[in-house]
Amino acid sequence: MSRYSKYPSIGILEAIERLAFGGSQYNSAKKNLVRKEDLHTYFSKHDSSFDPLKFSKRAYEMKRGGLIEYSPDQDYIITAKGRQKINFGRIESLRIEKCKKDGFWRIIIFDVPEQRRGARDVLRDKLNEFGCYQLQKSIYATPYICEKEIEELCSLLDIGKYVDVIVARSLGQKEAMIRNYFSR
């Protein structure tokens, strides 16, 4: 539970998701259902500070917040709102390794419609966090290998069809200036 101290619910939701789709013998993946006993066993093994009482309180708060539901047997089911919270946690933890270069530039181009403005803003913020250089309002460049991270980010934001990553040998006239930006 302590994995995300800033967002404790996300750790619990991820554990429920992992157990629902990752092989607990008692679960029913079709129902997205996780038995309470399986979840307690999971946390007992993976978190030495696991406290069943605190966990029950947190689960109750998550139910009141609409992140999970209880089945008739009092087992856990993740709601659509809970899935969004999981995706938020994954977006927060996404990073690119600043040491992986292969001599090519990654140019990230996007044209996300106005109806998806929130996702577009999150994408821009994350590209800035990654340390990408902004060539234009919706064009960024980086010398680091980041295709997987960009693909995962776009998948979590559901904007993959609006984003392209181009691998290029050169950035033209601006390359010297941009190289200087990354050598700081």
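Residues numbered from 1 in each chain as written. Predicted model: local features only at pLDDT ≥ 70, side-chain atom pairs only at ≥ 80, totals over all residues. Heavy atoms only, no water.

A.B. asks: Please set out the overall build of the protein residue by residue, giving values where relevant.
C.D. replies: Each helix and strand counted, the protein has 7 helices and 7 strands in total. Ordering the α and β elements of the protein from the N terminus gives α-β-α-α-β-β-α-β-α-β-β-α-β-α. For the protein, with 184 residues in total, the buried portion stands at 42%. Accessible surface computed for the protein: about 11100 Å², of which carbon and sulfur atoms make up 48%. (Helix = DSSP H or I, 4+ residues; strand = E, 2+ residues; numbered from the N terminus. Buried < 20%, exposed > 50% of the residue type's maximum accessible area, 1.4 Å probe, protein only. Areas by Shrake-Rupley, 256 points an atom, 1.4 Å probe, with all protein chains shown as cover.)

A.B. asks: How would you sum up the side chain of Arg 106? Please name residues and give values.
C.D. replies: Looking at the secondary structure, you find Arg 106 in strand 4 (residues 101-110). Within the structure, Arg 106 has its side chain in polar contact with the backbone oxygen of Phe 104 (distance 3.3 Å). Every residue in contact with Arg 106, bar those within four places of it in the chain, is listed here: Tyr 140, Ala 141, Thr 142, Pro 143, Tyr 144, Ile 145, Cys 146, Glu 147, Val 165, Ile 166 and Val 167. (Polar contact = N/O pair within 3.5 Å; in protein donor to acceptor, adjacent residues only side chain to side chain. Contact = heavy atoms within 4.5 Å.)

A.B. asks: Account for the nonpolar core, with residues named and values stated.
C.D. replies: The nonpolar side chains of a soluble globular protein tend to be buried, and buried together. Counting residues in hydrophobic clusters, the biggest one holds 30 residues, and the most contacted among them are Ile 108, Phe 110, Leu 123, Leu 127, Ile 150, Ile 159 and Val 163. Listed by contribution, the elements that provide at least two residues to this core are strand 4, helix 5 (117-130), strand 6 (139-144), helix 6 (147-157), strand 7 (163-168) and helix 7 (175-182). Setting aside residues no more than four positions away along its own chain, Leu 127 makes contact with Ile 108, Phe 110, Cys 132, Tyr 140 and Ile 150. The next biggest cluster of nonpolar side chains, apart from the first, holds 11 residues, and it includes Phe 43, Phe 50, Ala 59 and Ile 68. (Core = buried A, V, L, I, M, F, W, Y, C linked by side-chain atoms within 4.5 Å.)

A.B. asks: I'd love a proper account of the sheet that holds strand 6, names of residues and values included.
C.D. replies: Strand pairing within a sheet occurs via backbone hydrogen bonds; the two strands may be parallel or antiparallel. Read from one edge of the open sheet, 4 strands run 5-6-4-7, paired in antiparallel fashion. One side of each edge strand has no neighbouring strand; the edge strands of this open sheet are strand 5 (133-136) and strand 7. Adjacent strand axes in the sheet meet at a mean angle of 30° when their direction is disregarded. Bridge analysis of strand 4 against strand 6 gives 5 bridges, and the strand direction is antiparallel. Along strand 6, the bridge assignment pairs Ile 107 with Ala 141. Helix 6 rests against strand 4 and strand 7 of the sheet, and its axis sits at about 175° to strand 7. Helix 7 contacts strand 4, strand 5 and strand 6 of the sheet and is inclined by roughly 155° relative to strand 5. (Pairing = 2+ DSSP bridges. Axes fitted to C-alpha atoms, helices over the stretch in contact; angles between N-to-C directions.)

A.B. asks: Describe helix 5, listing the residues and the values that go with them.
C.D. replies: Compared with an ideal rise of 1.5 Å per residue, which puts 14 residues at 20 Å, helix 5 spans 20 Å between its outermost C-alpha atoms and is within 8% of the ideal. Listed in full, the buried residues belonging to helix 5 are Ala 119, Arg 120, Leu 123, Arg 124, Lys 126, Leu 127 and Phe 130. Down the axis of helix 5, the buried set is contained in an arc of 165°. They therefore lie on one face. Residue Gly 131 follows helix 5 closely and has a positive phi angle near 90°. (Expected span 1.5 Å × (residues − 1). Arc of directions from axis to C-beta.)

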